[in-house]
Amino acid sequence: MSDASGPYTVSAEFYDLLQAEPDRRRAERRFAGAARRATLAVVEVGAGSGIVTEVLLAAAAVPVHAVEPSAAMRSLLLSRLASVGADRRARVTVHPDPLQEAGLTETADLVVASNVVAGLDPATRRAVWKAVATTLAPGGLLLFDPPPPALPADREKVGTLGPVRVGPDHYFADVSRAPDRGVIRMEFSYRVERDGRVLRREREAFDLWPAEPDLIAEELTAAGLHLVQAPEPDLMAARRPG
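To start, this report covers the structure provided alongside it. Think of each chain on its own: its residues are numbered from 1, step by step along the sequence as written. Thresholds applied to this predicted model are a pLDDT of at least 70 for local features of residues and 80 or more for the giving and counting of side-chain atom pairs; totals over whole chains, interfaces and linings are not thresholded and use all residues. For side-chain calculations, the full set of non-hydrogen atoms in the structure is used, while hydrogens and water are omitted.

## A word on the sheet that holds strand E7 (residues 169–180)
Paired strands, as defined in this entry, are two strands with at least two bridges between them according to DSSP. To qualify as a helix, a DSSP run of H or I must reach at least 4 residues; to qualify as a strand, a run of E must reach at least 2; elements of each kind are numbered from the N terminus. Ordered in space as E6-E7-E8-E9, the four strands form an open sheet in which the pairing is antiparallel. Edge strands, defined here as strands with exactly one partner in the open sheet, are strand E6 (156–166) and strand E9 (197–208). Averaged over all pairs of adjacent strands, the angle between their axes in this sheet comes to 15 degrees, without regard to strand direction. Sheet topology note: the E7/strand E8 (residues 183–194) ladder contains twelve bridges and is antiparallel. Note on E8: the bridge partner recorded for valine 175 is phenylalanine 188. Between two residues, a contact is recorded if the distance between any of their heavy atoms is within 4.5 Å. Only the stretch in contact is used when a helix axis is fitted, and all axes are lines through C-alpha atoms; the angle between N-to-C directions ranges over 0 to 180 degrees. Across the sheet, helix H1 (residues 12–37) is in contact with E6, E7, E8 and E9; its angle to E6 comes to roughly 90 degrees.

## Digging into the packing of H1 against helix H3 (residues 71–81)
Close contact between H1 and H3 brings their axes to 11 Å; oriented N to C, the two are set at 60 degrees. Of the possible angle classes, the one that applies to H1 and H3 is oblique. Handedness of the crossing formed by H1 with H3: right-handed. Judged by residue contacts, Ala12, Tyr15, Asp16 and Arg24 of H1 engage Ala72, Met73, Leu76 and Arg80 from H3. In the scheme used here, Gly and all other residues not listed as nonpolar or charged are polar, with Ala, Val, Leu, Ile, Met, Phe, Trp, Tyr, Cys and Pro taken as nonpolar and Asp, Glu, Lys and Arg as charged. Split into classes, the residues belonging to the contact of H1 with H3 amount to five nonpolar, no polar and three charged. Any angle from 65 to 115 degrees is called roughly perpendicular, while one under 35 is roughly parallel, one over 145 is roughly antiparallel, and all others are oblique. A crossing counts as left-handed when the near helix is turned anticlockwise from the far one by less than a right angle, and as right-handed when that turn is clockwise.

## Concerning the pattern of salt bridges
Within this document, salt bridges are pairs made up of a side-chain nitrogen of Lys or Arg and a carboxyl oxygen of Asp or Glu, the two lying within 4 Å of each other. In the structure shown here, the tally under the stated rule is 23 salt bridges. A salt bridge links arginine 29 to glutamate 232; the nearest nitrogen and oxygen atoms lie 3.2 Å apart. In this pair, arginine 29 sits in helix H1 while glutamate 232 sits in the loop between strand E10 (226–228) and strand E11 (236–239), placing the two residues 203 residues apart along the sequence. A salt bridge links arginine 80 to glutamate 54; its shortest N-O distance comes to 3.5 Å. With arginine 80 in helix H3 and glutamate 54 in helix H2 (residues 51–59), the pair connects residues that are 26 residues apart, well separated along the chain. You can call arginine 80 buried: its relative accessible area is 13%. Each residue is placed in one exposure class: buried if its accessible area under a 1.4 Å probe, protein chains only, is under 20% of its type's maximum, exposed if it is over 50%, and partly exposed if it falls in between.

## Quick look at helix H6 (residues 213–222)
For H6, the complete set of buried residues consists of Ile216, Ala217, Glu219 and Leu220. The buried residues of H6 occupy an angular sector of 165 degrees when the element is viewed end-on, so they sit on one face. Residues of H6 that are exposed and point over 90 degrees away from its buried face: Asp214, Glu218, Thr221 and Ala222. Those residues of H6 that are buried are in contact with helix H5 (122–135), strand E5 (136–144), E10 and E11. Of all possible arcs, the one meant is that of the directions from the helix axis to the C-beta atoms.

## A word on the environment of arginine 37
Relative to the helices and strands, arginine 37 is located in helix H1. Assessed through its relative accessible area of 62%, arginine 37 is described here as exposed. Along the primary structure arginine 37 and aspartate 109 are separated by 72 residues, whereas in three dimensions their C-alpha atoms are 9.2 Å apart. There is a polar contact of 3.3 Å between the side chain of arginine 37 and the backbone oxygen of glycine 33. Within 3.5 Å is the distance limit for a polar contact, defined as a pair of N or O atoms, with the added protein rule that one can donate a hydrogen and the other accept it, and that residues adjacent in sequence qualify only through two side-chain atoms.

## A few points about the sheet that holds E5
Read from one edge of the open sheet, seven strands run E3-E2-E1-E4-E5-E11-E10, paired in mixed fashion. One side of each edge strand has no neighbouring strand; the edge strands of this open sheet are strand E3 (92–95) and E10. Neighbouring strand axes in the sheet, compared pairwise and without regard to direction, differ in orientation by 20 degrees on average. Two elements, E10 and E11, share three bridges in a ladder whose sense is antiparallel.

Structure below.
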């Protein structure tokens, strides 16, 4: 049975409206080239609402496995897949369990994780690296954006998403982060305005675990993956030895 009060139950309503287009452009820059070169399959860890999934399906000619444990985000993912066309939809498999439980062994020559690794506690992160090593065929590539290297000194505003207009209403999100007992507390404060008046406010917060790049490299090596040059400066990359 799904947990209706799980993570993203608030943010799912606002996510695509406020973040889809910049996320799509970032995914195309980061992952489309590698997806075009895939010859076995592509696995996406933490598919979310399916923005990256759609980019991968468009770029790759091979099967795509979209791993998304959150029921709230998986509902958005499946809604997006409903509109991608039957031919592309036939190439995607949606996995509702974490990668560690997905049963994918030497399935793919590319694994991608976008906006995922920072949200994993250290033990889970190490388990994911091991699962990635199992999922990749020899010579396969992992691409991911690394977590922040350190805690912020104090509470700070990250930025504002929006406004995005829907009829008479304007949607916004103020994003902030703060140190909180060794983790980064990332907070999204949503509001909907009409004629300058706030109709509704919602809030959701997420924990992020900082980790220095050297620590990530050590964990990857321990899992049997070798750090390699990433194709973009905001990514890290590793390969399973051939």
